[in-house]
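Tertiary structure, described
Read off the chains here:
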Amino acid sequence: MHTRSSAKRANVPLTSESLIGTEQAQLVAPDLAGAIALDCTTFARSLYCDLASESSIDTFLKKSRSYSTKQRRWKLPQNCAMLFNRDFYTPVRNAVSSILKHFRPGATAEGKRQVVDTHSTDLAHSDGDPATHKSRPSLVITAEGPSFQLPQECSEPQSSKIGFSNIASCIEVALNDDDLPVEEQLVRAAIYARQIFIHQPNRRFVRVLTLIGHDLRLLHFDRSGAQYTPPIDIHDDPHTFVRLVLGLSSPNESDIGLDTSIRWSIVNGRKVAGSLMTRRASDDKETVYPLIQIEPFFCRSNICGRSTTCWSVLDQETGEELLVKSSWRSENRASEHIYLQAGVGVAGVVQMVSCEPDRTQTKELRALGDAAPPPGFENRIESRVVVKRCGQPVSNFTSPKQVLCALRDAIAGHRTLVKKGTLHRDVATQNIVLGKPGAEEGNRGILIDFDLATHFRGDETSPLADWTIGHRFFQSAMVLSSRTALYPLPHSHLDDLEAFFYVLTDIIHSYDQGGATRSIGEDLKLWLETEAPFLGTLKRGFLLEEPLHRSISSRWPKAFLDVFYALRKFLKPIVHKKMVFTYDTPEERAEDWKALMLDVDMHYDFFLQKFDEGIAALEEEEEGERAVDAHAALVPGLVEGPAPQAVRNTLKRSSEEMNIASQPAHKRPKMPLPVRARREIRSPPVLRGR
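Described in the following lines is the structure provided in the data block. Computed from a predicted structure; not experimentally measured.

Turning next to the overall build of the chain. Looking only at helices and strands, the chain features 18 helices and 24 strands. Taken over 690 residues, the chain has a buried fraction of 52%. When contacts within the chain are restricted to residue pairs at least 6 apart in sequence, those whose partners lie at least 24 apart make up 71%. Total accessible area on the chain is roughly 33,000 Å²; 52% of this is exposed by carbon and sulfur atoms.

Structure follows, in structure tokens:
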């Protein structure tokens, strides 16, 4: 990767600007935080052994013009003096090309692979990144096949044919360590890998090679993070070099890290249709769904973590739209499908159709087998669930009543799950969606995303509150304080109810009653910027505050705000009591905690009652407005305009007008204002991302 200028130069320098500390490096810094430096080359040597035997590689080396069997070395420049135009890329490209041409002389059924010099070609990054972000890998292996497509049209003809959407792998080269130290290699490889994950949403892992002089490294990226090998001398071990090149250019898409259960039809280099195959856990029955959209409608941009990806598919038997969600959970977490199964048939909760709880693991992608993982490695397991598609995010509401109905039904569904021993623990605006148009009471709002759910028993044996679980903006004050609390409480239904209140708070501050986005305000901006546990202190203060500022309250009807104030008043003493409990040992607070948990029905009853009262009040207001409109339509002149009047001389005033005009202003009778037909102006809904 070189400087971002797209201009080409005849003499390309072998050194380039460091990316460490740049904006691009900051985007991948979390993914590299736990990067593992392997202490041996076993991982690299164990890969792709089935792609070429020792004898077939020996035959190639004897025939290759890029390798000297006499000197037992690749024909690569050893120092700058031996370079032509300071070009180290062409000799390496020739060596890699010779491997592909010998072992894969033509295109396969899966498509062809080709090594291309891109050290002076700008490859565009994803739309979610700043437009100035581009990359220039030294070499790339381009690919054709059911998972690859040409990049979107752009102004530069050369760039339009190569992009991260049709790259199997990247190879970064430099003449010596001074040009590219290992820290720089990691950052560059991570930047390339992140873009490949984004542009190829069915990727499970990405592998990148760096060749510094004659030292080769394999850098592996998956949802557990990164690991990289120590240097491998390609002169001493040409067989490993050949196998890695063959593996990273394999026509078998699973070899290069792609999930082949998702495939596309390619026309003129672009994806035009696709399908997704899944299996039911109950009977292992295979089901193939056509993709409604070519790309996932939701996909995270980071390498490491849950990396949730959501696809919209069609059930061909029922004609119903379904949602397929793939994610990578930590090994010590239960699969989401366990909690979704508890929600089957429960109103207000997303409905599961099928599941694949254990598709693969990152330890398998790293070929660990039964061996002990290296220190710092966290195994992640891929799961896939198929659920019924609901409506739009709750932030797409168009009226105050729609908000209250959605939250009310989601809370009712949450209550039923708590009764069945399931606690969500990640209540947030983005995890509540509207029911389908015309949904009946109970399904006007749906609670989704049970990745972080847990079993709930309502006593001290339930999992303790963990400030790292959930969205910080919506976490309860007690959960936020668990980072430093002496004796944290178990995460309970009260923490989730408090989170529902913060969802209502978020909507009130971020939108107006028609759904138009508004500035969130300085106070709540602090919630986005403040770390736990101080944010817990801010939230406790928020519960004690005076009425909302008029600039915010004026956006909403009184009946809607009454719900907010009632819930805030209800939560204030409970939050205080819970914080006091965190100073007591579990034994000291046992009886009081048990008594609080026994009031679970009272807690939900109060919440639901206040939402029902708010909905009823808004409906009464709507009924009154409809009555006014109906009356206006029936009374002559209120809508169609005044009746025609006799024409009179406008230069003269009537005697009545003269009498009125002669009186003092404060004694003149008030003249009625003209009545106009009422028209409500409402801003269109805006989907807000946070």
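In this section: a nonpolar patch on the surface. Side chains of Leu-486, Tyr-487 and Tyr-583 sit close together on the surface and give an oily, nonpolar patch of about 360 Å² of accessible area. By the secondary structure assignment, Tyr-487 is in the loop between α10 (477–481) and α11 (493–510).

The next point concerns the side chain of Ser-64. Mapped onto the secondary structure, Ser-64 falls in the loop between α3 (54–63) and β2 (67–68). Reaching out from Ser-64, the side chain makes a polar contact with the backbone nitrogen of Ser-66 at a distance of 3.0 Å.

Right, let's talk about the environment of Arg-279 for a bit. When you line up the elements, Arg-279 lands in strand β14 (residues 270–279). The class of Arg-279 is partly exposed, set by a relative accessible area of 31%. Separated by 107 residues in the primary sequence, Arg-279 and Val-386 place their C-alpha atoms 10.0 Å from one another.

Applying the stated criterion across every chain, the model contains 38 salt bridges. Residue Glu-172 pairs with Arg-188 through a salt bridge whose shortest N-O separation is 3.3 Å. Linking Glu-172 in strand β8 (residues 167–174) with Arg-188 in helix α5 (residues 182–199), this pair joins segments that are 16 residues apart in sequence. One salt-bridge network, in which partners are shared between bridges, spans Arg-204, Asp-259, Glu-356, Arg-359, Glu-382 and Arg-384.

Turning next to the sheet that holds strand β18 (residues 321–330). Spatially, the 5 strands line up as an open sheet ordered β16-β17-β18-β20-β19, and their pairing is antiparallel. Each edge of the sheet is formed by a strand with only one pairing partner; in this case those strands are β16 (298–299) and β19 (352–361). Where β16 meets strand β17 (residues 309–314), 2 bridges bridge the pair, whose relative direction is antiparallel. Bridge pairing in β17 places Cys-299 opposite Thr-309.

As a further point, take the packing of α11 against helix α15 (residues 558–581). The N-to-C vectors of α11 and α15 enclose an angle of 145°; their axes lie 10 Å apart at closest approach. As α11 packs across α15, the resulting crossing turns out to be left-handed. When α11 is examined against α15, the residues Leu-494, Asp-495, Glu-498, Phe-501, Leu-504, Thr-505 and Ile-508 are found in contact with a partner set consisting of Phe-560, Leu-561, Val-563, Phe-564, Leu-567, Arg-568, Leu-571, Ile-574, Val-575 and Lys-578. Of the residues contributing to the contact of α11 with α15, the split by class is 12 nonpolar, 1 polar and 4 charged.

Formed by 86 residues in total, the largest nonpolar core has its most connected members in Ile-432, Phe-450, Leu-504 and Ile-508. Here this core gets 12 residues from one element, more than from any other, and that element is α15. Setting aside residues no more than four positions away along its own chain, Leu-504 makes contact with Val-403, Leu-404, Leu-407, Phe-560, Val-563, Phe-564 and Leu-567. Listed in part, the 48 residues of the second largest apolar core include Leu-47, Val-173, Phe-241 and Leu-244.

Any space left empty among the atoms is revealed by the rolling of a water-sized probe across them. Inspection of every chain in the model, using the stated rule, returns 6 cavities of 30 Å³ or more. Estimates place the volume of the largest cavity at around 130 Å³. Lining the largest cavity are 14 residues, and of these Pro-201, Arg-203, Thr-309, Ser-326 and Glu-382 lie nearest its centre. The set of elements that each furnish at least two residues to the lining of the largest cavity consists of β17, β18 and β20 (380–388). When the residues that make up the lining of the largest cavity are grouped by side-chain class, the tally is 4 nonpolar, 4 polar and 6 charged.

With that out of the way, let us pick up helix α13 (residues 534–543). Listed in full, the buried residues belonging to α13 are Leu-535, Gly-536, Lys-539, Phe-542 and Leu-543. Angular distribution of buried residues about the axis of α13 spans 115°; they occupy a single face of the element. Packing partners of the buried residues in α13 comprise α10, α11, α12 (522–529) and α15.

Further remarks concern the pairing of strand β15 (residues 286–290). Note: β14 against β15, 5 bridges, orientation antiparallel. If you follow Leu-276 over to β15, its bridge partner there is Tyr-289. The hairpin turn running from β14 into β15, its antiparallel successor, is 6 residues long, and Asp-284 in that turn takes a positive phi close to 60°.

As summarised here, the arrangement of the 3 strands in space is β13-β14-β15, forming an open sheet in which the pairing is antiparallel. Of all the strands in the sheet, just β13 (262–267) and β15 have a single pairing partner and so form its edges. Neighbour to neighbour, the strand axes of the sheet diverge by 25° on average, direction disregarded. In this structure, β13 lies alongside β14, joined through 6 bridges in antiparallel fashion. In the sheet register, Val-267 faces β14, and the bridge partner there is Arg-270.

To continue, consider unusual backbone geometry. Here the bond from Ala-532 into Pro-533 is cis, since omega is 5°, no more than 30 degrees from zero. Checked against the element boundaries, Pro-533 lands in the loop between α12 and α13. Unlike most non-glycine residues, Arg-72 shows phi in positive territory, near 55°. By the element assignment, Arg-72 lies in the loop between β2 and β3 (73–74).

On to the environment of Pro-201. Looking at the element boundaries, Pro-201 is found in the loop between α5 and β9 (206–212). Through-space distance from the C-alpha of Pro-201 to that of Glu-295 is 7.7 Å; in sequence the pair is 94 residues apart. Setting aside anything within four residues of it in sequence, one finds Pro-201 in contact with Glu-295, Pro-296, Thr-309 and Trp-311.

Moving on, we come to the packing of aromatic side chains. Going through the model one piece at a time under the given rule, you end up with 20 aromatic pairs. A centroid spacing of 6.3 Å and a plane angle of 45° characterise the contact between Phe-501 and Phe-542, whose relative ring orientation is tilted. Of this pair, Phe-501 sits in helix α11 while Phe-542 sits in helix α13, placing them 41 residues apart in sequence. This pair shows no difference in class: Phe-501 is buried, exactly as Phe-542 is. For the ring pair Trp-527 and Phe-542, a centre distance of 5.3 Å and an interplane angle of 80° mean the geometry is edge-to-face. Placement of the pair is Trp-527 in helix α12 and Phe-542 in helix α13, with a sequence separation of 15 residues. The pair Trp-527 / Phe-542 is uniform in exposure class, with both members buried. Each residue in the set Phe-473, Phe-474, Phe-501, Tyr-502, Trp-527, Phe-542, Phe-564 and Tyr-565 is aromatic and connected to the rest through ring pairs, giving one cluster. Geometry around Trp-264 places Lys-271 over its ring, the cationic atom sitting 3.6 Å from the centre. Directly above the aromatic system of Trp-467 lies the positively charged group of Arg-483, at a separation of 4.3 Å from the ring centroid.

Thresholds, definitions, all that
Residues numbered from 1 in each chain as written. Predicted model: local features only at pLDDT ≥ 70, side-chain atom pairs only at ≥ 80, totals over all residues. Heavy atoms only, no water. Helix = DSSP H or I, 4+ residues; strand = E, 2+ residues; numbered from the N terminus. Buried < 20%, exposed > 50% of the residue type's maximum accessible area, 1.4 Å probe, protein only. Contact = heavy atoms within 4.5 Å. Areas by Shrake-Rupley, 256 points an atom, 1.4 Å probe, with all protein chains shown as cover. Patch = residues over 30% accessible without salt bridge, like charges linked within 9 Å, V, L, I, M, F, W, Y side chains within 5 Å. Salt bridge = Lys/Arg side-chain N within 4 Å of Asp/Glu carboxyl O. Polar contact = N/O pair within 3.5 Å; in protein donor to acceptor, adjacent residues only side chain to side chain. Pairing = 2+ DSSP bridges. Axes fitted to C-alpha atoms, helices over the stretch in contact; angles between N-to-C directions. Left-handed = near helix turned anticlockwise from the far one by under 90°. Nonpolar A, V, L, I, M, F, W, Y, C, P; charged D, E, K, R; others polar. Core = buried A, V, L, I, M, F, W, Y, C linked by side-chain atoms within 4.5 Å. 1 Å grid on protein atoms, 1.4 Å probe; cavity = no way out; pocket = protein on both sides within 12 Å on 5 of 7 lines; lining within 4 Å. Points joined across faces, edges and corners; volume = space filled by probe spheres on them. Arc of directions from axis to C-beta. Phe/Tyr/Trp six-rings, centres within 6.5 Å; stacked < 30°, edge-to-face > 60°. Lys NZ or Arg CZ within 6 Å of the ring centre and 35° of its normal.

These figures come from the coordinates and say nothing about function on their own.
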